[in-house]
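# Structural features, examined
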Amino acid sequence: MMITMTDSSVSRVAVVTGGSAGIGAAAAEALAHDGWHVVVAARRLDKLTAVAERIGGTAVELDVTDQASVDSFAAGLDRVDLLVNNAGGARGLEPLAEADLEKWQWMYDTNVLGTVRVTRALLPRLRESGEGLIINIGSKAALDPYLGGSGYNAAKFGLKALTRVTRLEEIDAAAGVRVTEIDPGRVATDFSLMRFDGDEARARAVYEGKENLVAEDIAEAIRWVASLPPRVNIDSMNIMPRDQG
Ligand code: 8X3
């Protein structure tokens, strides 16, 4: 499907990966409210279509770990002004001594290489925009190591490194894009359900009795960063619930 947005009367185009639920879906809704045409992208097309229908956006299937999927996704877009690299997640909370390398590989492939694949594919469109902006969704895990977090910490620290390098590279590029990292702390989403392989009791225990953020809190920050004049680059934002240090 070609998303043709060459008519200048058409609103600017935002791509949100991992857009079928959680922070991605909330961000898509907030951006659409601000007048963006939002292309929501994820693997779960049924959930994605529901989000797109709710916000008047476009749903496109995308697996950020699959280069062919990313290529065909990018080929269908002729305009992109904002890219929110939100697809990612954690798998497991084992100490390094018990590390499951398949989970580590998944975390690196999704959080780091997934961001590289999508960013690299859409950079030409973002530069053509003249006001291009990339927002990478990191994590508190990119700021503070924690027990059992080494695989996820490593992936999100890696994402932070590549975010900073992308920012530096775009400073010198013609019509370089702006690059922002938003690092959320504990947000009540399906994040922990994924981390614990669908174990609902374990996932619920992460949030019980705590002042958790909701996806809309992070969406509001994304919306604000995207609303700023093109001269402004927010390098990074760390957003925690009040009771998380
Ligand atoms: C997840 C953030 O604080 O729940 O990306 O580990 S936290």
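What you see is a predicted model; the values in this text were computed from it and never measured.

### Some thoughts on the overall build of the protein chain
Along its length, the protein chain carries 8 helices and 7 strands. Relative to the 2.2 N^0.38 estimate, which gives 18 Å for 245 residues, the radius of gyration of the protein chain is 17 Å and therefore close to what a compact globule would have. With the principal axes as the frame, the protein chain shows a C-alpha extent of 55 × 40 × 35 Å. Put simply, of all contacts in the protein chain between residues at least 6 apart along the chain, 67% involve residues at least 24 apart. Across the protein chain, the 26 positively charged side chains and the 35 negatively charged ones have centroids separated by 3 Å.

### Focus: the site of the ligand
The ligand sits among S139, Y146, Y152, P184, G185, R186, F191 and Q244. One of the side-chain N or O atoms of Y152 is found 2.8 Å from an oxygen atom in the ligand. Between an oxygen atom of the ligand and a side-chain N or O atom of Q244, the distance comes to 2.9 Å. Contact with the protein chains hides 86% of the accessible area of the ligand, taken as 250 Å² for the molecule alone.

### Quick notes on the side chain of T58
If you trace the backbone, T58 turns up in strand 3 (residues 58–61). By relative accessible area, which is 12% here, T58 ends up buried. One polar contact links T58 to H37, side chain to side chain, over a distance of 2.6 Å.

### Some remarks on the packing of helix 3 (residues 67–75) against helix 4 (residues 101–129)
Viewed as axis vectors pointing N to C, helix 3 and helix 4 meet at an angle of 30°, and their least axial separation amounts to 10 Å. The angle between the axes of helix 3 and helix 4 places the two elements in the roughly parallel class. Regarding helix 3 and helix 4, the two cross each other, and that crossing is right-handed. On helix 4, the residues that touch Q67, V70, F73 and A74 of helix 3 are R117, V118, R120, A121 and L122. Looking at side-chain class alone, the contact of helix 3 with helix 4 contains 6 nonpolar, 1 polar and 2 charged residues.

### Some points on helix 5 (residues 150–172)
With 23 residues, helix 5 ought to run about 33 Å at 1.5 Å a step, and its terminal C-alpha atoms sit 34 Å apart, in line with that. What helix 5 keeps buried is the set G151, Y152, N153, A155, K156, L159, K160, L162, T163, T166 and E170. For helix 5, the elements touching its buried residues are helix 4, strand 5 (133–137), strand 6 (178–184) and helix 6 (191–195).

### Comments concerning the packing of aromatic side chains
Tallying each qualifying case throughout the model produces 1 aromatic pair. Here Y152 and F191 contribute two aromatic rings whose centre-to-centre distance is 5.5 Å and whose plane-to-plane angle is 50°, an arrangement assigned as tilted. Taken as a pair, Y152 in helix 5 and F191 in helix 6 lie far apart in primary sequence, 39 residues in all. Residue class for Y152 comes out buried when judged on its relative accessible area of 5%. Residue classification places F191 among the partly exposed positions, given a relative accessible area of 25%. The ring of W36 carries R12 above its face, with NZ or CZ at 4.0 Å from the centroid. One residue, R91, lies across the ring of W106, its end atom 5.7 Å from the ring centre.

### As for the packing of helix 4 against helix 5
Running from N to C, helix 4 and helix 5 point in directions that differ by 20°, and their axes come no closer than 8 Å. With respect to each other, helix 4 and helix 5 are oriented roughly parallel. The crossing of helix 4 and helix 5 is right-handed. Touching W104, M107, Y108, N111, V112, T115, V116, L123 and R127 of helix 4 are S150, G151, Y152, A154, A155, K156, G158, L159, L162 and E170, all from helix 5. Looking at the contact of helix 4 with helix 5 residue by residue, the class counts come to 11 nonpolar, 5 polar and 3 charged.

What counts, and at which threshold
Residues numbered from 1 in each chain as written. Predicted model: local features only at pLDDT ≥ 70, side-chain atom pairs only at ≥ 80, totals over all residues. Heavy atoms only, no water. Helix = DSSP H or I, 4+ residues; strand = E, 2+ residues; numbered from the N terminus. Rg over C-alpha atoms; globule rule 2.2 N^0.38 Å. Contact = heavy atoms within 4.5 Å. Lys, Arg positive; Asp, Glu negative; His and termini not counted. Charge placed at Lys NZ, Arg CZ, Asp CG, Glu CD. Near = heavy atom within 4 Å. Polar contact = N/O pair within 3.5 Å; in protein donor to acceptor, adjacent residues only side chain to side chain. Areas by Shrake-Rupley, 256 points an atom, 1.4 Å probe, with all protein chains shown as cover. Buried < 20%, exposed > 50% of the residue type's maximum accessible area, 1.4 Å probe, protein only. Axes fitted to C-alpha atoms, helices over the stretch in contact; angles between N-to-C directions. Parallel < 35°, antiparallel > 145°, perpendicular 65-115°, else oblique. Left-handed = near helix turned anticlockwise from the far one by under 90°. Nonpolar A, V, L, I, M, F, W, Y, C, P; charged D, E, K, R; others polar. Expected span 1.5 Å × (residues − 1). Phe/Tyr/Trp six-rings, centres within 6.5 Å; stacked < 30°, edge-to-face > 60°. Lys NZ or Arg CZ within 6 Å of the ring centre and 35° of its normal.

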